[in-house]
Amino acid sequence: MNNFFLTTQLHAATANDAYAERYLSFAASVDKIITGISPDESGSANNPVLAGIDDISEALSALATTDSTSGRSALLSRMNSLIANAHTLQESLDEFRKQADAEVSSNAKVLESQAKQLAEINRRLSSTPNDNNLLTQRDTLLGEMSKLVDIEIQERSHGGVDVQVAGGYSLVDGLKSAKVTAETGAYGDDLYLAVNGDVLFNPETLGGSLGGNLAAREEIIDGSERGLAKALLGYFSALNVTNKGGFTKDGLSGEALISIPESSALSNAKNNGTGNFSISIDQNNVAALSSGPMIIEKTASGFLVVDTSTGNSVTTDTSPIAAFGYQFDAKGTMVAGDKFLADPLANMLKGATVTGGINDIAAASKQPVASGDVSNLKNLAEVSDKKIFSGGKDTIYNEISNVFVTIGNRHVAAKQDATTHKTISETAAMRWANLSGVNTQEEELNMIKFQQIYQSVSKVIESDKKMFESIIGVV
């Protein structure tokens, strides 16, 4: 057989290279979409999110100087523009997410087909052990499989192989191949690879382009959308709270200018109860707002809420639950042990709309409303400079910058990883190619053949020599 140690190294390097390349592809695309700049109507190049926040701040500052109907209309228009731009970004992220899921689904079928082919090669090798053509087919298939997932290989004496993935899940066991499918996770949300019904959630142990897809979907696509949604929804919440703290020209309390809808949690497939949670942002507590996601568990004595992004947890006896900048309101029947996934930000941002009208903008900060009182408009104009995030440490600009930096850093790190793994893969391929001709069994057979040929030729030479000597003797 070919040097199996080098072959195994090559497969591992190939899987890591495919993982890194797939991850980089999404990291680069998301970085360009969210943190990139695009020309506005005047031809200037700006980031649409930052430009939208700037536009709202400028409109509020202008109103605080001169309150007018046209100025109020301009403010609401700019709010609508920012939300529209955010929705456009979300649509792009949705397309990336669909692409990732489609690749999981299609590659699951490819991997299952490869496993079947390999099991058939094993069957044929059991009849014709270490057949060179079959070994070549085997190695080609293993090379293709390692692009999709990180495989572990055990070789049998006849040249057949057993193949496992993700630390022990069998793809090929002798003449048997696994059923490989794309299945939704425990909460019915995303697609994952499943081997004989066992869903594989860990992208790093899965490896290959499939693992890179899953990691990019969670860390790059979902993570970026959560960060963006948290920043914008937190900003909208602060504007709403500030407007509600003022009074309109009619002396009425201000209302929310931007509607942020409630969202629902996702129930675990193993839940015994039929209940669920409705989730809303605690708009008065943006400082505590987390990007999540959160896991909520019904316990014997109440509820446990865990923020998976930090590991922090909150326990409570009753519902509604105030935790991590949200309110979770239990609905229906729940049984101890029931679990729920709370990942609401993306859906909340998708449903955000400007609902306030020009007369709903609260200019005054106290009653009775005095003519020319624009003190609450000044409060609204100052929202963008207030430290409302991260426990009162960051402004909206800080928060957006943190999101952009995180996305950019992931892109840079992905580039470095891809370069490193590409070099390792090329080195492994070179080493394998240099020694791929060193086939010990084949070389033994060739040596025997060469010896036989040598012996035959030697006998011919010896006969010719004796004949020549005889001729010389006669002469």
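Residues numbered from 1 in each chain as written. Predicted model: local features only at pLDDT ≥ 70, side-chain atom pairs only at ≥ 80, totals over all residues. Heavy atoms only, no water.

Trainee: Describe the overall build of the protein, naming the residues involved and giving the relevant values.
Mentor: Helix and strand counts for the protein come out as 10 helices and 20 strands. Within the span of the protein, comprising 475 residues, buried residues form 44% of the whole. By sequence separation, contacts in the protein at least 24 residues apart represent 67% of the contacts at least 6 residues apart. Accessible area of the protein: about 22,900 Å², with a carbon and sulfur share of 51%. (Helix = DSSP H or I, 4+ residues; strand = E, 2+ residues; numbered from the N terminus. Buried < 20%, exposed > 50% of the residue type's maximum accessible area, 1.4 Å probe, protein only. Contact = heavy atoms within 4.5 Å. Areas by Shrake-Rupley, 256 points an atom, 1.4 Å probe, with all protein chains shown as cover.)

Trainee: Could you give an account of unusual backbone geometry, naming the residues involved and the relevant values?
Mentor: With an omega dihedral of 5°, the bond running from Ser319 to Pro320 counts as a cis peptide bond. Mapped onto the fold, Pro320 is located in the loop between strand S16 (313-316) and strand S17 (321-323). A cis geometry characterises the amide bond from Gln367 onward to Pro368, with omega recorded as -10°. Considering the arrangement of structural elements, one finds Pro368 in the loop between strand S20 (353-354) and helix H8 (375-381).

Trainee: If you had to explain the sheet that holds strand S9 (residues 198-200) to someone new, which residues and values would you point to?
Mentor: Spatially, S7-S8-S9 is the arrangement adopted by the 3 strands of the open sheet, whose pairing is antiparallel. If you trace the sheet from one side to the other, it starts and ends with strand S7 (180-184) and S9, each paired once. Neighbour-to-neighbour, the strand axes of the sheet open up by a mean angle of 45°, direction not taken into account. For strand S8 (residues 191-195) and S9, the ladder comprises 3 bridges, and the chain directions are antiparallel. Each bridged residue has a counterpart across the sheet, and for Ala194 the counterpart in S9 is Val199. Those strands touched by helix H6 (residues 208-244) are S8 and S9, and its axis lies near 145° from that of S8. (Pairing = 2+ DSSP bridges. Axes fitted to C-alpha atoms, helices over the stretch in contact; angles between N-to-C directions.)

Trainee: Outline the sheet that holds S16, listing residues and values.
Mentor: Spatially, 5 strands are ordered S12-S19-S14-S15-S16 in an open sheet, and the strand pairing comes out antiparallel. Of all the strands in the sheet, just strand S12 (266-267) and S16 have a single pairing partner and so form its edges.

Trainee: Let's hear about the pairing of strand S14 (residues 294-298): which residues, and what values?
Mentor: Burial along S14 is one-sided: Met294, Ile296 and Lys298 are buried, while Ile295 and Glu297, pointing the other way, are not. Relative to strand S15 (residues 303-307), S14 runs antiparallel, the two sharing 5 bridges. Directly across from Glu297, in S15, lies its bridge partner Leu304. Counting the residues that bridge the hairpin from S14 to S15 gives 4 residues.

Trainee: Tell me about the side chain of Asp162, and name the residues and values.
Mentor: Here Asp162 is to be found in strand S4 (residues 161-165). Taking relative accessible area as the criterion, Asp162 reaches 18% and is therefore assigned buried. A polar side-chain atom of Asp162 sits 3.2 Å from a polar atom in the side chain of Arg156. (Polar contact = N/O pair within 3.5 Å; in protein donor to acceptor, adjacent residues only side chain to side chain.)

Trainee: Now, about the packing of aromatic side chains: what can you tell me, with residues and values included?
Mentor: Centre distance and the angle of the planes are the two values used to describe a pair of aromatic rings. Summed over the entire model, instances satisfying the criterion amount to 6 aromatic pairs. Ring centres of Phe277 and Phe303 lie 5.7 Å apart, and the angle between their planes is 75°; on these two criteria the pair is classed as edge-to-face. Of this pair, Phe277 sits in strand S13 (residues 276-281) while Phe303 is found in strand S15, placing the two residues 26 residues apart along the sequence. Exposure remark for Phe303: the relative accessible area of 9% places this residue in the buried category. On the basis of an interplanar angle of 40° and a centroid distance of 5.8 Å, the ring pair of Tyr326 and Phe328 is categorised as tilted. Relative accessible area serves as the criterion here: at 1%, Tyr326 is assigned to the buried category. A residue is classified by how much of its surface remains accessible, and Phe328, at 0% relative accessible area, is buried. Just above the ring of Tyr192 sits the side chain of Arg217; from NZ or CZ to the centre is 4.9 Å. Geometry around Phe303 places Lys298 over its ring, the cationic atom sitting 5.3 Å from the centre. (Phe/Tyr/Trp six-rings, centres within 6.5 Å; stacked < 30°, edge-to-face > 60°. Lys NZ or Arg CZ within 6 Å of the ring centre and 35° of its normal.)

Trainee: Mind laying out the packing of helix H3 (residues 69-127) against helix H4 (residues 132-148), listing which residues take part and the relevant values?
Mentor: Put simply, H3 and H4 touch, their axes get as near as 10 Å, and they point 160° apart. Here H4 runs roughly antiparallel to H3, going by the angle between their axes. Taken as a pair, H3 and H4 cross one another with a handedness that is left-handed. In this structure, H3 uses Asn107, Val110, Leu111, Gln114, Ala115, Gln117, Leu118, Ile121, Arg124 and Leu125 to contact H4, whose residues at the interface are Leu134, Leu135, Gln137, Arg138, Leu141, Leu142, Glu144, Met145 and Leu148. In terms of residue class, the contact of H3 with H4 is made up of 12 nonpolar, 4 polar and 3 charged. (Parallel < 35°, antiparallel > 145°, perpendicular 65-115°, else oblique. Left-handed = near helix turned anticlockwise from the far one by under 90°. Nonpolar A, V, L, I, M, F, W, Y, C, P; charged D, E, K, R; others polar.)

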